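These are the residues of each chain, in order.
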Amino acid sequence: MKSLTDDERGYLISAEYYDVMSEQHWSARCKDLSDILQTVCGPVATIVDVGSGTGNGLALLNRQFPQAAIHAVEPAAAMRIALMTRVLHDSRLRERVSIYPGTFEQLQEVDNIDLILVSGCIGFFTQAQRGRLWKSAARQLAPGGVILVDTMPLTVPHQVARSRVACTTLGCQRYEVFLQGEAVENSDLMRWEMQFIQYQGERLLRCNTVVRDWHTFGPGRILAEAAQAGLSGLVQADSAIPTVVLRRRESSQPG
Ligand SMILES: C[S@@+](CC[C@H](N)C(=O)[O-])C[C@H]1O[C@@H](n2cnc3c(N)ncnc32)[C@H](O)[C@@H]1O
């Protein structure tokens, strides 16, 4: 059996806390995202959720596009455990969601895609990977299809002081997540250190740290890179999280 990569080891720790960490973000994000999707999408029969994680976006996609087949692509096995559980426990998701244990390259498995969601993950892709993502997305989109990409509200790497980003109580226990970031010299990377802490009452049960790098850039870079693959885009002005909607340019041939 092959040994785990650093990323995979990191997800073994963070997956358990991921929904604690992202709960607030998703409840704040839902309305924005739903408004954007309503405005930019035509009829939607086929959706790909790239980097689906624990499946936070699935309820929204399912509500908004109740007839669509949803293809959730997620490379981290630990995240897929939560994704699988979420899908298994919802009869509507069970009917619609297929789960792909791989990277965005698995887009190739699905044709005629009306909506590709790339939420919370574009900064994990290198420039070369992003180039391949735009190319393959442009090829697999249905006529009129859209790609929705969001990124962090930071355009250049810089120091971010440690702060508590989540705190949730379950039973007699408390979970806290702290985040701090620093710029990695001579690169566009920010190194994020996430600390996951669990208490029993006031007694510390455990504390784990995961470090992960994120390519930090604004929507302008997404537009410029995607243009090379024949995609044109619009930044969504009303969205609190920087969000870009891309479409195939009328004149470009998928290829
Ligand atoms: C921060 S989570 C976001 C999960 C979910 N989309 C959300 O917004 O809650 C980022 C996810 O991207 C996935 N990811 C990282 N590299 C990827 C790649 N090359 N292709 C597809 N997914 C990737 C990770 O495994 C992780 O689950």
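These numbers were taken from a predicted model, which means no experiment stands behind them.

1. A few points about the domain arrangement of the chain
In terms of domains, the chain is made up of domain 1 (6-153 + 217-248) and domain 2 (160-215). Relative placement of domain 1 and domain 2: their C-alpha centres are 24 Å apart. At the junction of the two partners, domain 1 supplies 23 residues and domain 2 supplies 18 residues. At the boundary of domain 1 and domain 2, one finds 2 salt bridges. Between Asp-188 and Arg-221 there is a salt bridge; the shortest N-O distance is 2.8 Å. Our count for the domain 1 to domain 2 interface comes out at 4 residue pairs in polar contact (both at pLDDT 80 or more). With 11 residues, the single largest contributor to the side of domain 1 that touches domain 2 is helix H1 (residues 6-40).

2. Examining the nonpolar core
Counting 27 residues, the largest nonpolar core has Ile-116, Val-118, Trp-134, Ile-147 and Leu-246 as its most contacted members. Here this core gets 4 residues from one element, more than from any other, and that element is helix H5 (residues 127-140). With residues up to four places along the chain from it excluded, the contact list for Val-118 reads Val-50, Leu-133, Ile-147, Leu-148, Val-149 and Asp-150. If you look at the next biggest cluster of nonpolar residues, it comprises 24 residues, including Leu-33, Leu-60, Ile-70 and Val-245.

3. Looking at the site of the ligand
Among the 18 residues in the neighbourhood of the ligand, the closest are listed as Tyr-18, Trp-26, Gly-51, Glu-74 and Ser-119. Between a nitrogen atom of the ligand and a main-chain N or O atom of Gly-51, the distance comes to 2.7 Å. Between the ligand and the protein, one listed contact pairs an oxygen atom with a side-chain N or O atom of Asn-56 at 3.5 Å. Broken down by element, the shell around the ligand gets its largest block of residues, 3 residues, from H1.

Thresholds, definitions, all that
- Residues numbered from 1 in each chain as written.
- Predicted model: local features only at pLDDT ≥ 70, side-chain atom pairs only at ≥ 80, totals over all residues.
- Heavy atoms only, no water.
- Domains from an automatic or database assignment.
- Contact = heavy atoms within 4.5 Å.
- Salt bridge = Lys/Arg side-chain N within 4 Å of Asp/Glu carboxyl O.
- Polar contact = N/O pair within 3.5 Å; in protein donor to acceptor, adjacent residues only side chain to side chain.
- Helix = DSSP H or I, 4+ residues; strand = E, 2+ residues; numbered from the N terminus.
- Core = buried A, V, L, I, M, F, W, Y, C linked by side-chain atoms within 4.5 Å.
- Buried < 20%, exposed > 50% of the residue type's maximum accessible area, 1.4 Å probe, protein only.
- Near = heavy atom within 4 Å.

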